[in-house]
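Fold and geometry: a report
Below are the chains, spelled out letter by letter.
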Amino acid sequence: MERKRIYLCLAHMSEAGLEQKYIKEAFDTNWVVPLGPNVNGFEKDLETFVSDVRGLKDDVRCESLNKRVVALSSGTAAVHLALIACGVGPGDEVLVQSFTFCASSHPITYLGAAPVFVDSEKDTWNMDPELLEEAIKDRIAKTGRKPAAIIPVALYGMPYRIDRIMEIANKYEIPVIEDAAEGFGSKYNGQMLGTFGKYGVLSFNGNKMITTSGGGALITPDEESWREIMMYATQYRESYPYYQHEKIGYNYRMSNICAGIGRGQMTIVDDHIAHHKHVQKMYEELLADVPGITVHSQPKVSPKGGDLEGASVYDSNYWLCTVTIDENVKVKGQENAYKTIVQGAVGGAAGVIHAASTAVTDCQPNDNVEALRVALDAAGIEARPVWKPMHKQPVYQDAPAYVNGVSEAIFKVGMCLPAGPYVSDEDVKYIVDTIKENIIG
């Protein structure tokens, strides 16, 4: 019997089939449009979820978490609208984490602004706060203007040092847009990511913690901001009996059908997060005795010092589980890595993919990482490299970047392993066994 293919992270429908219930209601009531009861209900569910303060410590003070949420067509749209709301325009600079997916930085260019990339710290793989402040000072010195916004990213669900980032941002009076697209349900000091900064970005793509098949949301700070974002998301139509537009708006509202899926997904989000954490723990335990393979996990030491065993300053959802492979680890087939051009995109990318003109680039994973990816793929296991840093992408070759070598070093040795709701305990054991079988010595 042929073994099922194990994918990195696929959506899982609720056992009660509530997604189908909400979708059927949308069809039955003819609400098959980019607004409607499911959209409103999904937004209320999200507002309740992100404003949950049960995990906050008694000694941690946070501002009011009465956030308003706008459901949108994608997380990329959420980044775009947040930048607009922060006043970003042509000639501005935006500081953004380099170690991320391109959706964090591309919307900056939509507005005629320029991304300025900031490298990562070793522990979380996320934006290095000290490098961030260095970048702010240097941009002010070089341009005479401070950056218009800061975008930290919850890479693979790992919380960023948002306390320090907010301290620096407030010092220079720069708004923070939290890209929590991969960090839905992750917390820092018991508070949900996406609720610390001025705006918070969520994604519900088909491979995220929950899905609406495609979609995203923007967490806004108050009623006024929520209303303005809603205007921009619906073509910025004024209140006349005819169509009048006084600002350029966008068709970014989530559909009632997609929101119906989201409402059903919200009933199992806690189960999904618990499952991802369980899979992470299994990888940590099963790979602990494999020399040269290290499972990346949340810091055990407080950023301010002190032991954090079992504590909760960092509380990652572990959207994807990641490992690093020491460059000295030998893998079967390593001698054949990058000898042939890959015919399609690795990682389930959709759409038109340009055929590569060469098998190699000037910044790529080590041969043993590629060899292990190929071996896992042959065994029916989807694995992929970690994100290539944006400052090493050809499209951003001229962008300013403040680097310390961390993200480039991790890109050379890092790999993502399956972690989604369809990944069973037996699947994790099979994945680990396959890794061990392909390591030489």
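Residues numbered from 1 in each chain as written. Predicted model: local features only at pLDDT ≥ 70, side-chain atom pairs only at ≥ 80, totals over all residues. Heavy atoms only, no water.

Attention now moves to the sheet that holds strand E3 (residues 114-118). Read from one edge of the open sheet, four strands run E4-E2-E3-E15, paired in parallel fashion. Looking at the sheet topology across the chains shown, the edges are occupied by strand E4 (149-151) and strand E15 (401-402). Examined bridge by bridge, strand E2 (residues 93-97) and E4 share three bridges and lie parallel to one another. Looking at the pairing, Val 94 lines up with Ala 149 of E4. (Pairing = 2+ DSSP bridges. Helix = DSSP H or I, 4+ residues; strand = E, 2+ residues; numbered from the N terminus.)

Now for the environment of Asn 205. The residue Asn 205 is located in the loop between strand E8 (199-203) and strand E9 (216-220) in this model. Assessed through its relative accessible area of 37%, Asn 205 is described here as partly exposed. For the pair Asn 205 and Gly 215, spaced 10 residues apart in sequence, the C-alpha to C-alpha distance is 5.8 Å. (Buried < 20%, exposed > 50% of the residue type's maximum accessible area, 1.4 Å probe, protein only.)

The subject of this paragraph is the confidence of the model for the chain. When pLDDT is averaged across the chain, the result is 92; 92% of the residues are at 70 or more. Mean pLDDT across the elements of the chain bottoms out in helix H1 (residues 18-28) (80) and peaks in E4 (99). (pLDDT = per-residue confidence, 0-100.)

Tallied over the full model, the rule gives 22 salt bridges. One salt bridge in this structure joins Lys 247 and Glu 228, with 3.1 Å as the shortest N-O distance. Taken as a pair, Lys 247 in the loop between helix H7 (223-233) and helix H8 (256-265) and Glu 228 in helix H7 lie far apart in primary sequence, 19 residues in all. Residue Arg 384 is joined to Glu 382 by a salt bridge in which the shortest nitrogen-to-oxygen separation is 3.8 Å. (Salt bridge = Lys/Arg side-chain N within 4 Å of Asp/Glu carboxyl O.)

The strand order across the open sheet formed by three strands is E7-E6-E11, and the pairing between neighbours is antiparallel. The open sheet has two edge strands with one neighbour each: strand E7 (191-192) and strand E11 (314-315). Across two bridges, the pairing between strand E6 (residues 187-188) and E11 is antiparallel. Its bridge partner lying in E11, Tyr 188 is registered against Tyr 314.

When you line up the elements, Asp 427 lands in helix H12 (residues 425-437). Looking at Asp 427, the relative accessible area reads 3%, which means it is buried. For Asp 427, the side chain forms a polar contact with the side chain of Lys 4, separated by 2.9 Å. Those residues in contact with Asp 427 that lie beyond four places of it in its chain are Arg 3, Lys 4, Ile 6 and Tyr 422. (Polar contact = N/O pair within 3.5 Å; in protein donor to acceptor, adjacent residues only side chain to side chain. Contact = heavy atoms within 4.5 Å.)

This part is about the packing of aromatic side chains. Tallied over the full model, the rule gives 12 aromatic pairs. With 5.2 Å between their ring centres and 65° between their planes, Phe 42 and Phe 204 make a pair best called edge-to-face. Here Phe 204 lies in the loop between E8 and E9 and Phe 42 lies in helix H2 (residues 37-50), a separation of 162 residues in the sequence. For the residue pair Phe 42 and Phe 204, the accessibility class agrees, reading buried in each case. Aromatic pair Tyr 240 and Tyr 242: ring centres 5.5 Å apart, planes at 20°, arrangement stacked. (Phe/Tyr/Trp six-rings, centres within 6.5 Å; stacked < 30°, edge-to-face > 60°.)

One broad rule of soluble globular proteins: the nonpolar side chains tend to lie buried together. Ranked by size, the top nonpolar core spans 61 residues in total, and within it Phe 42, Leu 132, Ile 150, Phe 184 and Phe 204 carry the most contacts. Counting residues per element, this core draws most heavily on helix H6 (residues 162-172), which supplies six residues. In this view, Phe 42 contacts Ala 71, Phe 204, Ile 210, Thr 212, Met 254, Ala 259, Gly 262, Arg 263 and Met 266; residues no more than four positions away in its chain are not counted. In terms of nonpolar packing, the next biggest core, distinct from the first, is built from 33 residues, Val 79, Cys 86, Ala 148 and Trp 226 among them. (Core = buried A, V, L, I, M, F, W, Y, C linked by side-chain atoms within 4.5 Å.)

This part covers the state of the cysteines. One pass over the full model with this rule turns up zero disulfides. Take Cys 9: it sits in no disulfide, and the sulfur closest to it among the cysteines is that of Cys 321, at 9.4 Å. The exposure class assigned to Cys 9 is buried, which follows from its relative accessible area of 5%. (Disulfide = S-S within 2.5 Å.)

Attention now goes to helix H5 (residues 129-143). A rise of 1.5 Å per residue sets the reference length of H5, with its 15 residues, at 21 Å; its end C-alpha atoms lie 21 Å apart and thus fit the reference within 8%. Taken residue by residue, H5 has Pro 129, Leu 131, Leu 132, Glu 133, Ala 135, Ile 136 and Arg 139 as its buried positions. Looking at the buried side of H5, the elements it contacts are E2, E3, E4, H6 and E15. One or two positions beyond H5, positive phi appears at Gly 144, with a value near 80°. (Expected span 1.5 Å × (residues − 1).)

Turning our attention to the packing of helix H3 (residues 75-85) against H7. Packing of H3 against H7 brings their axes to within 10 Å, and their N-to-C directions diverge by 120°. Relative to H7, H3 is oriented oblique. The chirality of how H3 crosses H7 is right-handed. Together, Leu 81, Ile 84 and Ala 85 of H3 and Ile 229, Tyr 232 and Ala 233 of H7 make up the contact between the two elements. Split by residue class, the contact of H3 with H7 holds six nonpolar, no polar and no charged. (Axes fitted to C-alpha atoms, helices over the stretch in contact; angles between N-to-C directions. Parallel < 35°, antiparallel > 145°, perpendicular 65-115°, else oblique. Left-handed = near helix turned anticlockwise from the far one by under 90°. Nonpolar A, V, L, I, M, F, W, Y, C, P; charged D, E, K, R; others polar.)

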